[in-house]
Amino acid sequence: MRLEQLGAELHKHIKGDTLMIVTDETVADLYLDRCISTVSDGGFEVHAFVIEPGEHSKNGDTYLALLGALAEIPLTRADGIIALGGGVVGDLAGFAAATYLRGIPVIQVPTTLLAAVDSSVGGKTAINLPEGKNLAGAFHQPAFVCQDTSLLATLPEEIYLDGMAEVIKYGIIADADLLTQLQDPDYVKANLDDIISRCVAIKKRFVEEDEHDTGVRQMLNFGHTIGHAIEIASDFDIRHGFAVAKGMAYMAEIAARENWCDVATRDAIIHILETYHYDLSVDFDKEALADIMGKDKKRKGAFLDLVVPTAIGSCRLQRISAEEIERLL
Ligand code: NAD
Ligand code: MG
């Protein structure tokens, strides 16, 4: 759906008459005027809350300032929030929507590839604490997601590739045909809308079966346990998607070595990642990575469930003990 159609669409989801658009400065320069126009053409009163771009804005201070701005208007429970931006805006606005007046509707308008295929789907919202990422949050499904893929045309290549790692992940864990399409990066750019829809359908399938992330939703963590450890070890110098790319390659090597998958599956995973020129090297001490993985928030007591590819398009969980991690790495 084009952003210009959002104003009319809102009536299906918002009973009130006021919307707060949350966005960041970069996205505001590009798309805020268009978003304000469509919302006000839809007959709504519209406000905007603009944050600094970047992960550091997903914090308690910005969150409280946003709640304050909502209360000042004041937004009622019938009104809503529009998250216009990437995952930072989506998570922050989503968490504010989940908690303001014990919950008001949020509409997601993803403007990054990662937000389109991942953070705008599934209802996880959060802010970071000084102690770690996403430590305060809530499950709050968006009332509507406006997927206007043309908004992604302005993405810098690095941010695009950051999201592409998640797209590749979907192909590996659940959709061999998608992985075949991804072999051609030009085809992907020309057909991005279809590719995104396919990824969203996969994520929805996993989420609907397991909204609160205690079962099959964990498959979406392929490459993420090692990837997270790499992100942390790099002090977040390595962006999430690039770390997940390394994590997927590393996991593929482990899986082939342990006979959890065949060598052809490993090679196909490495090949698709190399097609997008991800740097797959991991220059961190194995002991340090194992130590970080042992503290992973998704750990179950003394165990960790790793997502293991079994073939292209399928995967399973492999439970390992904390002591086993270092041997595997
Ligand atoms: P981001 O929101 O910081 O966006 C990345 C950069 O791209 C920003 O500088 C932004 O200003 C810029 N940008 C956004 N849209 C643009 C556009 N159309 N053109 C040009 N520039 C644009 O980062 P992200 O990668 O989208 O999201 C990362 C966040 O998402 C993390 O905080 C992560 O925890 C969260 N996340 C949440 C979920 C979930 O399920 N809720 C899933 C994955 C990730
Ligand atoms: Mg991810």
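Residues numbered from 1 in each chain as written. Chains lettered and ligands numbered in written order. Predicted model: local features only at pLDDT ≥ 70, side-chain atom pairs only at ≥ 80, totals over all residues. Heavy atoms only, no water.

Engineer: How would you sum up the packing of helix 11 (residues 240-257) against helix 12 (residues 263-275)? Please name residues and give values.
Structural biologist: For the pair helix 11 and helix 12, the least separation of the axes is 9 Å and the interaxial angle reads 165°. Accordingly, the angle class assigned to the pair helix 11 and helix 12 is roughly antiparallel. Crossing of helix 11 over helix 12 shows left-handed handedness. Within the contact between the two elements, helix 11 uses A245, M248, A249, A252, E253 and A256 and helix 12 uses R266, I269, I270 and L273. Considering only residue class, the contact of helix 11 with helix 12 consists of eight nonpolar, no polar and two charged. (Axes fitted to C-alpha atoms, helices over the stretch in contact; angles between N-to-C directions. Helix = DSSP H or I, 4+ residues; strand = E, 2+ residues; numbered from the N terminus. Parallel < 35°, antiparallel > 145°, perpendicular 65-115°, else oblique. Left-handed = near helix turned anticlockwise from the far one by under 90°. Contact = heavy atoms within 4.5 Å. Nonpolar A, V, L, I, M, F, W, Y, C, P; charged D, E, K, R; others polar.)

Engineer: Account for the sheet that holds strand 7 (residues 144-145), with residues named and values stated.
Structural biologist: Pairing is parallel across the open sheet formed by five strands, whose spatial order is 2-1-3-4-7. Because the sheet does not close on itself, it has two edges, and the strands there are strand 2 (45-51) and strand 7. The pairing of strand 1 (residues 18-24) with strand 3 (residues 80-85) spans four bridges and is classified as parallel. Within strand 3, the position partnered with M20 by the bridge is I81. Of the strands in this sheet, strand 1, strand 2 and strand 3 touch helix 3 (residues 60-72), which is tilted by about 165° from strand 2. Against the sheet, helix 4 (residues 87-99) makes contact with strand 1, strand 2, strand 3 and strand 4 (106-110), and its axis sits at roughly 170° relative to strand 3, the strand it touches most. (Pairing = 2+ DSSP bridges.)

Engineer: Any chance you could break down the pairing of strand 4 for me, citing the residues and the numbers?
Structural biologist: The side chains of a regular strand alternate between both faces of the sheet. Within strand 4, five of the five residues are buried, which leaves the element mostly enclosed by the surrounding structure. Tracing the backbone out of strand 3, into helix 4 and back to the parallel element strand 4 gives a crossover that is right-handed. Bridging between strand 4 and strand 7 involves two bridges; their strand directions are parallel. Across the sheet, residue I107 finds its bridge partner in strand 7, namely F144. (Buried < 20%, exposed > 50% of the residue type's maximum accessible area, 1.4 Å probe, protein only. Right-handed = clockwise from strand over helix to strand, strands pointing away.)

Engineer: Residue-level account of the domain arrangement of the protein, with values.
Structural biologist: The domain architecture assigned to the protein consists of domain 1 (3-152) and domain 2 (157-328). One C-alpha centre belongs to domain 1, the other to domain 2; they are set 27 Å apart. Facing the 16 residues of domain 1 at the interface are 24 residues of domain 2. Contact between domain 1 and domain 2 buries roughly 1700 Å² in total, counting both sides, with carbon and sulfur atoms accounting for 64%. At the boundary of domain 1 with domain 2, the tally comes to one salt bridge. At the boundary of domain 1 with domain 2, the tally comes to six residue pairs in polar contact (both at pLDDT 80 or more). Put simply, the parts of the chain that give the side of domain 1 that touches domain 2 at least two residues each are helix 5 (113-119) and strand 6 (132-139). Of the residues assigned to the side of domain 1 that touches domain 2, the class counts are seven nonpolar, six polar and three charged. (Domains from an automatic or database assignment. Buried area = accessible area lost by both parts, 1.4 Å probe. Salt bridge = Lys/Arg side-chain N within 4 Å of Asp/Glu carboxyl O. Polar contact = N/O pair within 3.5 Å; in protein donor to acceptor, adjacent residues only side chain to side chain.)

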